[in-house]
Amino acid sequence: MGYWGSLIVARHRHPLNGAAAFTDGVHMELLQERADDWRLWSLEGQTSLDEETLIELVEVTGRPVLAGFVMDSDCLVLEGRTRDEATWRACLDRTAMSAYMAEGGQSADDWFLGPEEAAERAVAWARAAGLTPLPKTIADVLSKRSDPFVEDLFQEFLDGLGIER
């Protein structure tokens, strides 16, 4: 059995535990520190974050925020938010996501941007965050299968955004 939980990527020196969304006993763990105060946190067992929470995190950090919900380490719901734009939603390992969604009679196309449009939004998100993205890397990652864990694909995605290790 793989990991189920939320991942949050933000440029912020301090823990996000003080945000109203995380005051109800939610356990937040710092997983990784990257260059320029970018950090990756885990909220194990947490369902995907709603838009209000993403808006609050953008307000708390003063910068764009990225969230992912990992489903059994197979696929990941990816959501990005900036100050000026609505939340965009894509997924990593679209094939695995489609299999999960087929159980409920839906498809990835019903809920997520296609890889091409998702790559455009991710590049715009990265630029709004002051990063220098690698558009081809982002597009490649959005079209890849995870092997073996989607968390590794997420790390490649962060690299493509320009969030240096």
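In case you missed it, the structure is sitting above this.
Residues numbered from 1 in each chain as written. Predicted model: local features only at pLDDT ≥ 70, side-chain atom pairs only at ≥ 80, totals over all residues. Heavy atoms only, no water.

Once that is clear, we can look at the pairing of strand S2 (residues 29-33). Pairing of S2 with strand S3 (residues 38-44) involves 4 bridges; the strand directions are antiparallel. Looking at S3, one finds that Gln32 is bridged to Leu40. Linking S2 to S3, which pair antiparallel, is a turn of 4 residues; within it Asp36 sits at a positive phi near 55 degrees. (Pairing = 2+ DSSP bridges. Helix = DSSP H or I, 4+ residues; strand = E, 2+ residues; numbered from the N terminus.)

Our next topic: the environment of Leu113. When you line up the elements, Leu113 lands in the loop between helix H3 (108-111) and helix H4 (115-128). Each C-alpha atom, one on Leu113 and one on Ala124, is 14 Å from the other, the two residues being 11 residues apart in sequence. If near-sequence neighbours (up to four positions away) are discounted, Leu113 is found in contact with Trp88, Arg89, Ala90, Arg94, Ala118 and Arg121. (Contact = heavy atoms within 4.5 Å.)

Applying the stated criterion to the full structure yields 3 aromatic pairs. Centre to centre, the rings of Trp4 and Phe69 are 6.3 Å apart; their planes meet at 55 degrees, and the pair counts as tilted. In this pair, Trp4 sits in the segment before strand S1 (5-11) while Phe69 sits in strand S4 (residues 65-71), placing the two residues 65 residues apart along the sequence. Under the relative-accessibility criterion, Phe69 is labelled buried at 13%. Ring centres of Trp38 and Trp125 lie 5.9 Å apart, and the angle between their planes is 55 degrees; this geometry places the pair in the tilted category. Note that Trp38 is positioned in strand S3 and Trp125 in helix H4, a separation of 87 residues in sequence. Of the two residues examined, Trp38 and Trp125, each falls in the buried class. In this structure an aromatic cluster arises from ring pairing among Trp4, Phe69 and Tyr100. (Phe/Tyr/Trp six-rings, centres within 6.5 Å; stacked < 30°, edge-to-face > 60°. Buried < 20%, exposed > 50% of the residue type's maximum accessible area, 1.4 Å probe, protein only.)

We now examine the sheet that holds S3. The antiparallel open sheet is built from 6 strands, whose spatial order is S2-S3-S1-S4-S5-S6. Two strands in the sheet have a free side with no partner beyond their single neighbour: S2 and strand S6 (88-92). Geometrically, the sheet is characterised by an average inter-axis angle of 20 degrees between neighbouring strands, direction not taken into account. Contacts between helix H6 (residues 150-161) and the sheet are confined to S1, S2, S3, S4, strand S5 (75-81) and S6, with S4 contributing the most and set at about 165 degrees to the helix. (Axes fitted to C-alpha atoms, helices over the stretch in contact; angles between N-to-C directions.)

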